[in-house]
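# Structural overview for review
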Amino acid sequence: MKKVCTILFFLFLLSETYAQHTERVNTISFNVNEGLLQSQIHSIAFDKYNFTWLSFFNGIQKFDGARFSSVEVQDGLPDDKNVNFFSAADGTLYISHSYGISKYEAASDRFSLIKKYFMKQKFAPIFLGEYNDKIYAYSSNKTVLSFEVKNYERIEESPQHFGFMHESGFIHTFSNTIAGGQIATIRDERIVLFNLKTNEIAASMPKIENLGYYFLHLTSDKDVYFYVFDPAENGYAHLKKYNFISRKTTDILKVKRNNSTGFKSSLTSIGNYQYFSLYDHLYRNNPGSFANNEEIVNIQNQPITGQSYISTLTQDRLGNIYVLTSNDGFKIITPNSYGLKYYGKQNKGNDFIISICADKANGRVLAGTYGNGLLIYDTMQRIIKHIKFLPGQINAFTPINIVKAGDGGYILFCFGKKNGWKLSRDLNKIVEIPVVRNDNKPILDVGYYGNILRNTAGECVVQSESRVYFVAPNKKSILQKEVEVLDGYNGTLYKNKFVTFSNDSLLFYSADYKHISKRTPLPQTGAVRCMTADKNYIYVGGNKGVFKVDSLGKIIFHFTKKDGLPDECIYAMNIQENGDLWCSTNRGLFKLTPSLQILRITKEDGLQENEFNTSAVAIAEDGELFFGGVNGVSSFYPQNIVAKTQKTDIIFTSIKINNKPFATDSLATWQLKKLELDHTQNSLAFEFIAQLVGNPAQLVYQYKMEGVDKDWLQNDDLQAVRYFLAPGRYVFKVYASNIFTPDAKAMKSIEIIIKPPYYSTWWFRLILFALAIVLIYYIVSRSQAVKYKKKLSAMAHQAELQNEREKISKDLHDSIGAYANVVLYKTEMLKDEKDPEQVHDHVSDLEFATKDIIVSLRENIWALKQDNFTAEECYLRIKTFLHAITRYYPQINFRSKGLAPATTLLHYRNALHIVRMVQESVTNAIKHSAAENITVESKEENEVWEIQITDDGEGFDYDHIKTEDLGYGLKNMEHRAAEAGFKLSIKSIASQGTEIKIFI
């Protein structure tokens, strides 16, 4: 631990009379929006592999530098609520909880319980620190625990009552260090020095009234620093030092107390500095010095924690500084190694920059905003003036071009205005400059997009979309010319020729801007936002990357995300004399070198934001480069932006096999060097991250699966990399740096072996061959058997057809044959008949016999048309029969009722049986019953189709007829029902009628 002077300096710089220097740093914020479990963190520590462990009142999370993962209760970790962490010097992580103390083995990713309480404790033990390879902790049962790092199985317990407890119930305040085996704590309103080796109080200072319990710092010189609050001086706290050897108390400093948040302070040694916090402010100094003190602020010159006060300062194993806040998660401080500057008011709505003028000769930077006028800064990044309205206007203006005039003033071109404006050198006066044309056409309004083509002592040329403006010295007006621009926003000057873009082509204009001298195709731009040029080439930035074009219009290269660009939407460009091309995008800035290497910088490096605006770029006389974006202006010296060289290690944070986490009992994911997997385990997903001083998300990650990928691939946003692998040997390689490197050498690799399935072995193939022969024999035999069965089936079918033909012959013989005999007989009788009345009767009989023949023939033909008929078709045939017979018997009322089932399918023979049985029933009723009403009704119930034929005729004695010889018609009906498998029911009552039912 550093000497006491560091503490003295810390509080001295807080005094009201001492002015602090400021150091701007970059910060990365992590809160619930990034996946943090809660905004308030209880404890933090870092394991051997530099994973960050965070505890909350409702759980534990592990942070790998980009992603958060929950750590659930498991074997060896019985509790996860409000646990305390302690990282030993060897990297071992200890976790105290309500059931004792657990140890985490990072190499195997496993927990073990080294101290167990049989009853749940109210509070988790507090780790006091490490001394001489021994860990000390204080438990809620008022016991000091100690165990050796290498022999944690033997834990010593020494009862000790320190006496103080906070009102919140949190147990005891201890100094944040162990010095010489001793620790400072508070007992009975006094600070005591407790010897952890002897378990005794080594020294005690007198009782102190109004002692502050928020800060104790002990040094190796036995100096303890503490606060005392004097009620007589409301709002102030006194820092005091007490030396346990000399027993002297020294007043160090009086500081202003923040009543709204309570007094909160933290201290830690990091590298060559001591870092101190008070409320929401952070400071650092060189140990032993009271000079050169600095307040650490963010890139916007604001406290790094915003509205939250700092609760804890700590450092990971690589040197990154973690700042825990009271209610807004934590932040990681990264140095502003590129020397980026920020111009803005930290208000995105007011700092939307669309134009810049860097006038460093007069110590000014002018920034035009969208809808908020003109912001003017000094070179110390402080705003000195805000001009929101033009003279005589009530709406804020939007300067799309700011041009430095020869007299030190500035010419403004404002969106939607027809004229220009002149801002005086002293920034106090704005006058209007008229715009004129020499072609008698109307003056066009200034467009939204603009850029400066030339600004020399002789002439200033400005473009705004399809308008070009010429401003000559000592002229009282501005000349406007119109050019062809359809889907390009701006142009550039190339070898004194104006070049712009329209309709997928570069347009080269004559010197007078009147005529297009050359038009060269430039497809696949997705519209052009910006252009620039050097002596030899034109550089075009569109929505599809960067184009480099020569004087003939030939594309030298077209760079996209496939070539390593962080984003393909290019907003603004600047080409340096050394050939470096700087571009702004939606994902920060990048530099494209002549050797085609790409170096990117992002918000985490200190940019105003990752999103920039079209043509918002300017360069100062001394080479400082300015880019405007949605939250202000970022500037830097391009020569200071070089690829960082530092030790970088890559860790595999997750490996998933078939979408399930892969792990072994002995090795953690980050320890694996080789994977041997079954052929079914061939869906792999890898997650990895680099470990370095700084933000790992800022690096460019590359990966390649040897055996699958020919070239290195870029992994944006640290997404999981997925592969589906065939059996074989592979090597998965990963690389990370600040630039995309096509010939990179792997930093981390895993050998992967996908074992072939058993059916790829020689013995299995031999068995398979034998089985194939058996299978072929079986298939051939089976095929022959099937053919034989088909032949038998065909023969049976032919026999059945023959039976059907015979039945049809019988039907024809029984019906048509009988009617034919009648016709023949009646015809012969007509030859000899002389009586006209008898002739008429014979002719009438012949007519009816002929009709019967036709009807019978139609029924047989209908039955032969197809193999199967639906019940609906069958019932339709019955209704047709009833309709036809009605004309011959007008004295009888024929009716059909109901519907046939839609899903019932009948063999054609059964269909014919049904029709014939109904016809027989109706014919019998006509001939024998003298009925007045004959009804045929169809209905379905329980999947049975029922046809019912009823008449109101004379009826007959069915039982008597059954005992005697049945009539031919009834016999035929019973024969048909038996053959078709129908159920036939006949009921008849004398003088009441007959009811016949057929159940199908």
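Reading the values: rules and limits
- Residues numbered from 1 in each chain as written.
- Predicted model: local features only at pLDDT ≥ 70, side-chain atom pairs only at ≥ 80, totals over all residues.
- Heavy atoms only, no water.
- Helix = DSSP H or I, 4+ residues; strand = E, 2+ residues; numbered from the N terminus.
- Buried < 20%, exposed > 50% of the residue type's maximum accessible area, 1.4 Å probe, protein only.
- pLDDT = per-residue confidence, 0-100.
- Contact = heavy atoms within 4.5 Å.
- Pairing = 2+ DSSP bridges.
- Axes fitted to C-alpha atoms, helices over the stretch in contact; angles between N-to-C directions.
- Phe/Tyr/Trp six-rings, centres within 6.5 Å; stacked < 30°, edge-to-face > 60°.
- Core = buried A, V, L, I, M, F, W, Y, C linked by side-chain atoms within 4.5 Å.
- Expected span 1.5 Å × (residues − 1).
- Arc of directions from axis to C-beta.
- Salt bridge = Lys/Arg side-chain N within 4 Å of Asp/Glu carboxyl O.
- Parallel < 35°, antiparallel > 145°, perpendicular 65-115°, else oblique.
- Left-handed = near helix turned anticlockwise from the far one by under 90°.
- Nonpolar A, V, L, I, M, F, W, Y, C, P; charged D, E, K, R; others polar.

Turning to the overall build of the protein chain, a few remarks are in order. Counting secondary structure elements, the protein chain contains 7 helices and 74 strands. In the protein chain, which comprises 1000 residues, the share counted as buried stands at 50%.

With that settled, the discussion passes to the confidence of the model for the protein chain. Mean pLDDT over the protein chain works out to 85, with 88% of the residues at or above the 70 mark. Predicted confidence in the protein chain is weakest over helix 1 (residues 5-12), with a mean pLDDT of 38, and strongest over strand 52 (residues 581-585), with 98. Note that pLDDT drops below 50 for residues 1-19; the model gives that stretch 66 contacts with residues more than four away or on any other chain. Here residues 166-170 is modelled with pLDDT under 50, and outside its nearest four sequence neighbours on either side it reaches 7 contacts, counting other chains as well.

A few words now on the sheet that holds strand 66 (residues 739-740). Within the open sheet, the 5 strands sit side by side as 51-52-53-54-66. Their pairing is antiparallel. At either margin of the open sheet sits one strand with a lone partner, and together these are strand 51 (572-575) and strand 66. Here 4 bridges tie strand 53 (residues 588-592) to strand 54 (residues 598-601), and the two strands are oriented antiparallel to one another. Residue leucine 589 lies in a different strand from strand 54, and its bridge partner there is isoleucine 601.

On to the sheet that holds strand 16 (residues 190-195), then. Strand order in the open sheet formed by 3 strands is 15-16-17, and the pairing between neighbours is antiparallel. Two strands lie at the open edges of the sheet, namely strand 15 (182-187) and strand 17 (200-204), each paired on one side alone. Strand-to-strand twist across the sheet, computed as the mean angle between neighbouring axes with direction ignored, equals 40°. Sheet topology note: the strand 16/strand 17 ladder contains 4 bridges and is antiparallel. Paired with leucine 193 across the two strands is alanine 203, which belongs to strand 17.

Another point: the packing of aromatic side chains. Tallied over the full model, the rule gives 45 aromatic pairs. Plain terms: the ring middles of tyrosine 322 and phenylalanine 330 are 5.6 Å apart, the flat faces sit at 20° to each other, and that makes the pair stacked. Since its relative accessible area comes to 0%, phenylalanine 330 is described here as buried. Here tyrosine 703 and tyrosine 723 contribute two aromatic rings whose centre-to-centre distance is 6.5 Å and whose plane-to-plane angle is 80°, an arrangement assigned as edge-to-face. Of the two residues, tyrosine 703 sits in strand 62 (residues 700-706) while tyrosine 723 sits in strand 64 (residues 721-724), which places them 20 residues apart along the sequence. For the pair tyrosine 703 and tyrosine 723, one class covers both residues: buried.

What follows is about the environment of glutamate 873. Positionally, glutamate 873 belongs in helix 4 (residues 871-886). For glutamate 873, a relative accessible area of 33% corresponds to the partly exposed category. A sequence separation of 38 residues divides glutamate 873 from alanine 911, and the C-alpha atoms of the two residues are 8.9 Å apart.

Let's shift gears to the nonpolar core. One broad rule of soluble globular proteins: the nonpolar side chains tend to lie buried together. Among the nonpolar cores identified, the biggest contains 36 residues, and Ile914, Val918, Val922, Val936, Trp945 and Ile947 are the most heavily contacted of them. Those elements that provide at least two residues to this core are helix 4, helix 5 (908-928), strand 71 (933-941), strand 72 (944-951), helix 7 (968-980) and strand 74 (993-999). When residues of this core are assigned to their parent elements, the largest contribution, 9 residues, is made by helix 5. Sequence-distant contacts of isoleucine 947, that is, excluding residues within four places in its chain, are made with Ile878, Ile914, Val918, Val936, Glu937, Ile996, Lys997, Ile998 and Ile1000. Counting 29 residues, the second largest nonpolar core, distinct from the first, contains Ile655, Tyr703, Val721 and Ile750.

You can see lysine 987 is positioned in strand 73 (residues 983-989). Linking lysine 987 and glycine 955, residues 32 residues apart in sequence, is a C-alpha distance of 9.0 Å. If we skip the residues at most four places from it in the chain, lysine 987 touches Gly993, Thr994 and Glu995.

Attention now goes to the pairing of strand 73. Sheet analysis places strand 73 next to strand 74, joined by 7 bridges and oriented antiparallel. In the strand pairing of strand 74, isoleucine 986 is matched with isoleucine 996. Hairpin geometry of strand 73 and strand 74 is characterised by an intervening segment of 3 residues between the two adjacent antiparallel strands and by a positive phi of about 65° at serine 991.

The end-to-end C-alpha distance of helix 4 is 23 Å, a good match for the 22 Å that 16 residues give at a rise of 1.5 Å each. Regarding helix 4, the residues found buried are Ala871, Cys874, Tyr875, Ile878, Phe881, Leu882 and Ile885. The arc that holds every buried residue of helix 4, seen down its axis, measures 110°, which confines them to one face. Of the residues in helix 4, the exposed ones pointing more than 90 degrees away from the buried face are Leu876 and His883.

It is possible for side chains of opposite charge to pair when their charged atoms get near one another. Evaluated as defined, the whole model comprises 31 salt bridges. Residue arginine 467 is joined to glutamate 465 by a salt bridge in which the shortest nitrogen-to-oxygen separation is 3.4 Å. On the basis of relative accessible area, arginine 467 is assigned to the buried category, the value being 14%. Where salt bridges share partners, they join Lys341, Lys360, Asp622 and Glu624 into one cluster.

Turning next to helix 5. Here helix 5 contains 21 residues, and its C-alpha end-to-end distance of 30 Å stays within 8% of the 30 Å for a straight helix at 1.5 Å per residue. Among the 21 residues of helix 5, 16 are classified as buried, and the element is accordingly described as predominantly covered.

In this section: the environment of methionine 205. Among the structural elements, methionine 205 can be located in the loop between strand 17 and strand 18 (217-218). On a C-alpha basis, the gap between methionine 205 and tyrosine 242 in space is 7.9 Å, while along the polypeptide they are 37 residues apart. Contacts of methionine 205, omitting those with residues within four sequence positions, involve Arg190, Ile191, Phe226, Tyr242 and Phe244.

What follows concerns the side chain of threonine 669. Structurally, the position occupied by threonine 669 is in the loop between strand 59 (660-661) and strand 60 (674-677). According to the relative accessible area criterion, threonine 669 is buried, its value standing at 10%.

This part is about the packing of helix 4 against helix 5. For the pair helix 4 and helix 5, interaxial distance at closest approach is 9 Å and the crossing angle is 25°. With respect to helix 5, the axis of helix 4 lies roughly parallel. Of the two possible hands of crossing, helix 4 and helix 5 adopt the one that is right-handed. Contact residues: Cys874, Arg877, Ile878, Phe881, Leu882 and Ile885 in helix 4; Ala911, Ile914, Val915, Val918, Gln919, Val922 and Ile926 in helix 5. The class makeup of the residues in the contact of helix 4 with helix 5 is 11 nonpolar, 1 polar and 1 charged.

Our next topic: unusual backbone geometry. Even without being glycine, lysine 495 reaches a positive phi, approximately 55°. Residue classification places lysine 495 among the exposed residues on the basis of a relative accessible area of 53%. The backbone of asparagine 503 sits at a positive phi, close to 55°, despite the residue not being glycine. The residue asparagine 503 is located in the loop between strand 44 (497-502) and strand 45 (505-509) in this model.

What follows covers the side chain of asparagine 715. Here asparagine 715 is to be found in strand 63 (residues 713-715). For asparagine 715, a relative accessible area of 9% corresponds to the buried category. Filtering out sequence-adjacent residues up to four positions away, asparagine 715 remains in contact with Phe688, Tyr701, Tyr703 and Val721.

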